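What follows is the residue order along each chain.
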Amino acid sequence: MRKHWKIKFALQGVLSQIPGGNSINDSLQILFGDLKNFDDYLTRKIRDYKFFAGHLQSYFNKEDADINALEIGTGWMPLIPVLLSLSGVRSIHTYDKTSHLNGKLIRQAIPLLTNHLESLAEWTQVPIHKLQSKLDLLCETKTTSELFQAAGIHYHAPADAAQTGLPDHSIDFIFSNSVMEHIPHSSIDLIFQESQRILKSDGMAVHAVNCGDHYAYFDRGITQINYLQYSDSEWKRWTTDLLYQNRLRPRDFYQISEKNGLIITQEQRSARAGCQEAFEKLKIAQKFSDYPVEDLVCTSFNFVATPKT
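Below or above, wherever it landed, is the structure these notes cover. (Residues numbered from 1 in each chain as written. Predicted model: local features only at pLDDT ≥ 70, side-chain atom pairs only at ≥ 80, totals over all residues. Heavy atoms only, no water.)

1. Let's talk about the overall build of the protein
For the protein, the helix and strand inventory stands at 13 helices and seven strands. By the burial criterion, 51% of the 309 residues in the protein qualify as buried. Across the protein, the fraction of contacts at a sequence separation of at least 24, relative to all contacts at a separation of at least 6, is 79%. About 15,000 Å² of surface is accessible on the protein, with carbon and sulfur atoms providing 50% of the total. (Helix = DSSP H or I, 4+ residues; strand = E, 2+ residues; numbered from the N terminus. Buried < 20%, exposed > 50% of the residue type's maximum accessible area, 1.4 Å probe, protein only. Contact = heavy atoms within 4.5 Å. Areas by Shrake-Rupley, 256 points an atom, 1.4 Å probe, with all protein chains shown as cover.)

What follows is the structure, given as structure tokens:
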């Protein structure tokens, strides 16, 4: 039986243990992974923004709008913070446990956004001339530091999103995109506790969670619920710092939110093709035995959480 995903685990396991392993892994991703086709990657990330923009649309056209946002998990380039800036968000703090920032990539992306302004205008209801004017300003910057200053982006890395140091009730909008699945359960507890502290009473936290087995992107011979067959002790053997997967299901995020003074008010979930059929054949680990089937086959869980009143 082929185990191609275990090859990926072994490689990343080695890289996670050697000096400079993070940088080598980032370079491999650029050469052979998601960033191999930069235009396609950029288009996918801009489409991701549509989900977040929809929840902020009512703010974008207010003359007195003074929106402060916070991103959890910057990654290689803070593209969604840039798009929020174009749309009128004044200040965006972005936090990352490890610095993966690639200034060359984000500066490469900025002029290409011209090709997407019509879509951005449709999603945000911001006039295209306003978007173009702000984009022109960003294009004139010469360095990543100048770009961030012009966009109102504050980059924090290495940093802990559970200890932001920001004032109480100072943030309107907290978000993450394909990040929550890579954070240990106990750390998400602390991050949500901090979110409750810094969110304004009418603020919101919006998270897009890719809760399928990420090894399935590398190995087409397994499905995105493959990892649910392992106990915690077994799964610990197959996860690394470079690709940590917590296997949390939608029910878990409801419980974490409730515990930390947040309430999930909206959700969207979906399951990749073949997951339902795979579930009927897969021996699920005991720890997942009392989860509803719709939670187990779910591979995408997007939700909005607001402070309890």
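2. Section: the sheet that holds strand β5 (residues 199–209)
Strands belonging to one sheet form pairs held by backbone hydrogen bonds; the direction of such a pair is parallel or antiparallel. The mixed open sheet is built from seven strands, whose spatial order is β3-β2-β1-β4-β5-β7-β6. A strand with exactly one partner marks an edge of an open sheet, and here the two such strands are β3 (153–156) and β6 (262–270). On average, each strand axis in the sheet is inclined to that of its neighbour by 15 degrees, with strand direction left out of account. Where strand β2 (residues 91–95) and β3 come together, four bridges link them in parallel fashion. Counted as the bridge partner of T94 is Y155 from β3. Across the sheet, helix α4 (residues 79–87) touches β1 (68–72), β2, β3 and β4 (171–177), and the angle it forms with β4 is around 140 degrees. Packing against the sheet, helix α9 (residues 185–198) makes contact with β1, β4, β5, β6 and β7 (300–307), and its axis sits at approximately 145 degrees to β5. (Pairing = 2+ DSSP bridges. Axes fitted to C-alpha atoms, helices over the stretch in contact; angles between N-to-C directions.)

3. A look at the packing of α4 against helix α7 (residues 128–139)
For any two helices packed against each other, one specifies the crossing angle of their axes together with the interaxial distance. Between α4 and α7, the least distance of the axes is 8 Å, while the angle of their chain directions is 125 degrees. Comparing their axes, α7 and α4 come out oblique. Residue-level inspection shows V82, S85, L86 and S87 of α4 in contact with α7, the latter providing L131, K134, L135 and L138. Residue classes in the contact of α4 with α7 are distributed as five nonpolar, two polar and one charged. (Parallel < 35°, antiparallel > 145°, perpendicular 65-115°, else oblique. Nonpolar A, V, L, I, M, F, W, Y, C, P; charged D, E, K, R; others polar.)

4. Examining the environment of P111
Relative to the assigned elements, P111 resides in helix α5 (residues 103–112). Separated by 28 residues in sequence, P111 and C139 place their C-alpha atoms 6.3 Å apart.

5. Notes on helix α8 (residues 144–151)
The complete set of buried residues in α8 reads T144, L147, F148 and A151. One face of α8 carries all of its buried residues, which in axial projection span an arc of 95 degrees. In α8, the exposed residues that point more than 90 degrees away from the buried face are S145 and Q149. In the core, the buried residues of α8 are packed alongside α4, β2, α5, α7 and β3. At the C-terminal side of α8, G152 shows a positive phi close to 75 degrees. (Arc of directions from axis to C-beta.)

6. So, the side chain of E71
Inspection of the secondary structure assignment puts E71 in strand β1. There is no salt bridge for the buried E71, and the closest opposite charge comes from K45, which lies 8.7 Å off by N-O distance. In this structure E71 touches P78, P81, H93, T94, Y95 and F175, once residues within four positions along its chain are discounted. (Lys, Arg positive; Asp, Glu negative; His and termini not counted. Salt bridge = Lys/Arg side-chain N within 4 Å of Asp/Glu carboxyl O.)

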